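An overview of the molecular structure
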Amino acid sequence: MAKTSFDARKAMRDVHRLFDAGSVSDARQGCLTIIRHFPRHAEALYALARMAGDADESDEAMGYLKLAFDVMPHFPDNRKIAFGIFNKYLLAKQYPQLEEAGLWLSTYLPRDGIVWDYIGVARIEQAKFPQALDVLSKAITLLPNNPHILANMGNVLIALERCSDAIVYLEKALAIQPEMVVGLNNLGNALRFIGKTEEAIATISKAVQLDPGLPYLYNNLGLAYREHGMYSVAIAQYRHALQLQPELVQVYPNLIDALRQNGQVQESIECGQHALTLTHDIPEIWGAYGDTLREANHLDAAIEAYIKALSFKQDSLSSFNRKIYTNLLFCLNYHPDLTPEVIYNAYHEFDLRFTAPLKATWKKFENARVPGRRLKVGYVTQAFYNHVCKYFLLPLIEAHDKDQVEVYAYANPPFEDEVTDYYKKQVDHWVPTRDLTDEALAERIRADGIDVLVDVAGHTNGNRLPVFARKPAPVSLHWLEYGYTTGLSAIDYYLTDKPTITDNCAHLFSEKVWCLDGPAYVYRPDTRKAELTPSPFEQTGIVTFGSLSRSTRINHRVVRVWATILDAMPNSQLIINSGDFKDPQVQDEMASRFMRYGIERSRLHIGFTTPSWEVLKHIDISLDCFPHNSGTTLLESLYMGIPFISLADRPSVGRIGASILTAIGHEEWQAYTEDEYAQKAIILAHDLDRLRSLRAGLRQEMEQSLLMNEPAFARSVEKAYRQMWQIYCEGQ
């Protein structure tokens, strides 16, 4: 080997002198000269790695660092240089590169908790949460009292919907470092997810006080206020976040949603349109925009927005995608022009995409196959609070024969109230589920030995359909809320009554349709003291038609038929009243649809008033919607002495009116064509004596019907449960 007179030590001293004097370029050139002579000169390689990293040439820096480690892995400043490069990757949001670099370094420094923490952060930012959990667990084992690692572990557990576990780590981190802003922020998010919104608001507010210049804190504070129902305050927080950082487009989905929930629907639509001028690449914006279009009854545009939101990630485990698909199904349910088969196909696709893959998790049941024994029945819903379901669910749970069924409530209400407390007293076992993952809840249900598991939510918000997809009980069924199939092949039965279905509709349900002996539900009014008043036409001299239905039900077919009725009855008016019509612009848009048919604006009274009883006092005849019928408001109408006209359409959401009218014995108000619907409404409107009589006697008819016979309904349901259980016992 040829000798050289090059003095590497002197050259390295010159490099340090040049670097300290700020002549980085000359220092770098000096290092390059050294490694030309001595390619494995560790100090020069480390220096090149540091200088390339400082110059934001991170990939080149990693190249030098790997060569340096290969030569001398125990160089004194190796960690400092490596972490400097890692931080550059973080700042540049080059998370895959950071993950790769961290994994490489872990082979040299497997006992360094900070290295594993960097890998964890890289995986969190790439939404690789299970993998992040693995490496952060290693980091915590090595550094159990590092508050930043604890906070990152809390963050990943939140993403995995293990919020109770997250809170343990976050509280430990904050006990060590009480003013850690990121820890306070993450803790606030975890508290929000498990329904402790007041604590969430207080925790994130403390973070804001510590660092009022961080926009994302205001975004998360807005989310906490929104969950607490304080939409106006939430909107103010989102706007402040955007003031601080206008390009923080992640805020827009939350702002769009809060505006919608606050009744500012048109402003919400405009906000969505503005957000989409800034970026087309955030699925959450498309999802929120779809929600507000749906609220404004622009179903086709909403469907397009949802499809766009779903186009970004094909992930069967994505809770976001599942929620968006659920909202898409909601829109299809209400669409006036699609065939039942087209709609059902979308439900079947939901099953194939999101729930059928979970069939691999099914296990054998240990439940004793004894047909006559007391059954363990579990009800799964978020509606265990002051929610519309209480009119139907409470009477059943109260009237259950506890010698026949042992009742479990798997409850994830958004908050608890006096109705929640009452439910707790009526069930044998109260199981809070908000902080349980779908997998954990399925295991809990299996461990409880539930025989019959009842989904009360369908595709409504807060549903736990992925739990049912894991088949945690021998018999499962859907009942009550939503009013149509779940689409899940894992659910055995759809519990309903005969009027809601037709002879040839089995292909429109993933479940086996099971008809009760009587009606599909029993109804207990909010108050039995809602005052009955004389027919409004006695005071006004005109007949008032009305609907308290949501806007999505009032489609172009409904508007045309209602306008026909009003046109044929010049001495009449129409009240449309629901929470969807808080926004004056939405009111005017709905009115314009009728005005196209020549109906004067003065005959249309569109808005929102509560409680519903007060609105119903001013209505003579209620008009049901189609093809998706109304629900609770039809029962409220009857209870206030008001008849309603209904059009039977597709099973089963299009035949809710038929179910109610059959149960009370007034099938004469049931129509099967749009012309017949209009004729029945007009004929009834001319029979003023009949309207007077109904106003006085319809409540009593209802109270004496099966619609309000709570014990009879409970026996009918228990009989169905028993028969379903017997089929299971006799099967293989």
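Our structure's up above, just so we're on the same page.
Here we summarise the structure given alongside this text.

Conventions used here
Residues numbered from 1 in each chain as written. Predicted model: local features only at pLDDT ≥ 70, side-chain atom pairs only at ≥ 80, totals over all residues. Heavy atoms only, no water. Buried < 20%, exposed > 50% of the residue type's maximum accessible area, 1.4 Å probe, protein only. Helix = DSSP H or I, 4+ residues; strand = E, 2+ residues; numbered from the N terminus. Pairing = 2+ DSSP bridges. Right-handed = clockwise from strand over helix to strand, strands pointing away. Contact = heavy atoms within 4.5 Å. Axes fitted to C-alpha atoms, helices over the stretch in contact; angles between N-to-C directions. Expected span 1.5 Å × (residues − 1). Arc of directions from axis to C-beta. Polar contact = N/O pair within 3.5 Å; in protein donor to acceptor, adjacent residues only side chain to side chain. Core = buried A, V, L, I, M, F, W, Y, C linked by side-chain atoms within 4.5 Å.

Okay, the pairing of strand β12 (residues 644-647) next. A regular strand places its side chains so that they alternate between the two faces of the sheet. Here β12 shows two buried faces, one formed by F644 and S646 and the other by I645 and L647. Taken together, the 2 bridges between strand β11 (residues 621-623) and β12 define a ladder with parallel strand orientation. Note that in β12 the partner of L623 across the bridge is I645. Considered for its hand, the β-α-β crossover made up of β11, helix α29 (residues 632-639) and β12 is right-handed. Relative to strand β13 (residues 670-671), β12 is paired through 2 bridges, and the arrangement is parallel. Bridge pairing in β13 links L647 to A671. Crossover handedness for the path β12 to helix α30 (residues 656-664) to β13: right-handed.

One open sheet accounts for 6 strands, arranged β10-β9-β8-β11-β12-β13; its pairing is parallel. Both edges of this open sheet fall to β10 (604-607) and β13, since each of them pairs with a single strand only. In the sheet, strand β8 (residues 543-547) pairs with β11 via 2 bridges, with the strands oriented parallel. Each bridged residue has a counterpart across the sheet, and for F545 the counterpart in β11 is I621. Here helix α27 (residues 584-595) sits on the sheet and contacts β9 (572-577) and β10; the angle it forms with β10, its principal contact strand, is near 150°. Packed onto the sheet, α30 meets β12 and β13 and runs at close to 130° relative to β12.

Turning our eyes to something else, we now look at helix α4 (residues 58-71). Look at α4: 20 Å from first C-alpha to last across 14 residues, which is about the 20 Å you get at 1.5 Å a residue. Buried within α4 are the following residues: S58, A61, M62, Y64, L65, A68 and F69. One side of α4 carries all its buried residues, which in axial view fall inside an arc of 165°. Considering only its buried residues, α4 is in contact with α2 (24-37), α3 (42-54), α5 (78-91) and α6 (95-108).

Another point: the side chain of K617. Within the element layout of this structure, K617 appears in the loop between α28 (612-616) and β11. Among the residues examined, K617 registers a relative accessible area of 15% and is labelled buried. Other than its neighbours up to four places away in sequence, K617 contacts E531, T533, P536, M640 and R695.

Moving on to the side chain of T355. Following the sequence through the fold, T355 ends up in helix α20 (residues 340-355). Side-chain polar atoms of T355 contact the side chain of D351, separated by 2.3 Å. Residues within four places of T355 in sequence aside, it is in contact with F350, A469 and L488.

The 7 strands are arranged β3-β2-β1-β4-β5-β6-β7 in an open sheet whose pairing can be described as parallel. Because the sheet does not close on itself, it has two edges, and the strands there are β3 (429-432) and β7 (512-515). Mean inter-strand twist for the sheet, computed between neighbouring axes without regard to direction, equals 25°. Pairing analysis gives 7 bridges linking strand β1 (residues 375-381) to strand β2 (residues 405-411), with the strands arranged parallel. Bridged to T381 within β2 is A411.

In terms of nonpolar packing, the biggest core is built from 250 residues, with Y379, W562, F594 and Y721 touching the most fellow members. Residues contacting F594, with those up to four places away along its chain left out, are V559, W562, A563, L566, L574, I576, I599 and L604.

Of the two faces of strand β6 (residues 493-496), the one holding Y493 and L495 and the one holding Y494 and T496 are both buried throughout. Sheet topology places strand β5 (residues 475-478) next to β6; 2 bridges connect them, and they run parallel. For L477, the partnering residue across the bridge sits in β6 and is Y493. The sheet contact formed by β6 and β7 spans 4 bridges and is parallel. From the neighbouring strand, Y493 faces β7, where its bridge partner is K512.

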